[in-house]
Amino acid sequence: MEDQIQVNGISVFENNNMVEVLQKVPGFIHRSDPCTYKSLPVVSVRFEEHGMSRPMTPEMSQMLESYFAEDVASVKLKRLPQGNGYELIVNSETVKEFENTTPAEYARGKGNHGNGNTRTVLNTEKFANRLFLSARPVFRQAICF
């Protein structure tokens, strides 16, 4: 079970950070530690649907204060499979009109092992004041030609 709340474009959320937005969601209580939704603890936060789940800590709560409604498309409060809490999923507003160039490199070494590298160059003229990047670790894999 999950509840989705549209954030961007909703006048009651304008100029609010994510903590203020969540405090306006019926059933969400932030003044407790941990914060709760429908009387169950919110135990983790995920940025984007397929992002990494992180524990809801005071530091994470502080991080949520840096997100504003204009930057967030929606939030979901998803009940965990065990039924003992919720996960907060923050879906960012899609940034439009930016350029992303991603060349890929591969260097072949001894024993058919190689290093794969990806570089990304962003044109940040269209960004306001935030740039969020995520990276995946480089792995080694045997490749046969």
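Draft legend 1. Broad picture of the overall build of the chain. Tallying secondary structure elements over the chain gives two helices and 11 strands in all. For the chain, the succession of helices and strands along the chain, N to C, is β-α-β-β-β-β-α-β-β-β-β-β-β. Expressed as a percentage of its 145 residues, the buried residues of the chain come to 28%. A sequence separation of at least 24 residues applies to 50% of the contacts in the chain between residues at least 6 apart. If you sum the accessible surface of the chain, you get close to 10,000 Å²; carbon and sulfur atoms cover 51% of it.

Draft legend 2. Spotlight on the packing of aromatic side chains. One pass over the full model with this rule turns up two aromatic pairs. For the ring pair Y37 and Y86, a centre distance of 4.9 Å and an interplane angle of 85° mean the geometry is edge-to-face. In this pair, Y37 is assigned in strand β3 (residues 36-37) and Y86 in strand β7 (residues 86-92), connecting sequence segments 49 residues apart. With 5.1 Å between their ring centres and 20° between their planes, F47 and Y67 make a pair best called stacked. Within this pair, whereas F47 is found in strand β4 (residues 40-47), its partner Y67 is found in the loop between α2 (58-64) and β6 (72-79), the two being separated by 20 residues in sequence. Assessed through its relative accessible area of 13%, F47 is described here as buried. For Y67, a relative accessible area of 6% translates into the label buried.

Draft legend 3. Inspection of unusual backbone geometry at higher detail. The phi torsion at N15 lies on the positive side, around 60°, for a residue other than glycine. For N15, the location among the structural elements is in the loop between β1 (2-6) and α1 (18-23). You will see that K38, though not glycine, has its phi angle at about 50°, which is positive. Secondary-structure assignment places K38 in the loop between β3 and β4. The partly exposed category is assigned to K38, whose relative accessible area is 41%.

Draft legend 4. Local environment of the environment of L88. Within the secondary structure, L88 sits in strand β7. On the basis of relative accessibility, which here comes to 0%, the residue L88 falls in the buried class. Each C-alpha atom of the pair L88 and K76 lies 5.8 Å from the other, and the pair is 12 residues apart in sequence. Non-local contacts of L88, meaning those with residues more than four positions away in its chain, are made with L22, V42, S44, V45, R46, L64, V75, K76 and L77.

Draft legend 5. Expanded view of the nonpolar core. Of all hydrophobic cores here, the largest spans 25 residues; its most connected members are M18, F28, V42, L64, V75, L77 and L88. The element contributing the most residues to this core is α1, with four residues. Residues within four places of M18 in sequence aside, it is in contact with L64, Y67, V72 and V75.

What counts and how
Residues numbered from 1 in each chain as written. Predicted model: local features only at pLDDT ≥ 70, side-chain atom pairs only at ≥ 80, totals over all residues. Heavy atoms only, no water. Helix = DSSP H or I, 4+ residues; strand = E, 2+ residues; numbered from the N terminus. Buried < 20%, exposed > 50% of the residue type's maximum accessible area, 1.4 Å probe, protein only. Contact = heavy atoms within 4.5 Å. Areas by Shrake-Rupley, 256 points an atom, 1.4 Å probe, with all protein chains shown as cover. Phe/Tyr/Trp six-rings, centres within 6.5 Å; stacked < 30°, edge-to-face > 60°. Core = buried A, V, L, I, M, F, W, Y, C linked by side-chain atoms within 4.5 Å.

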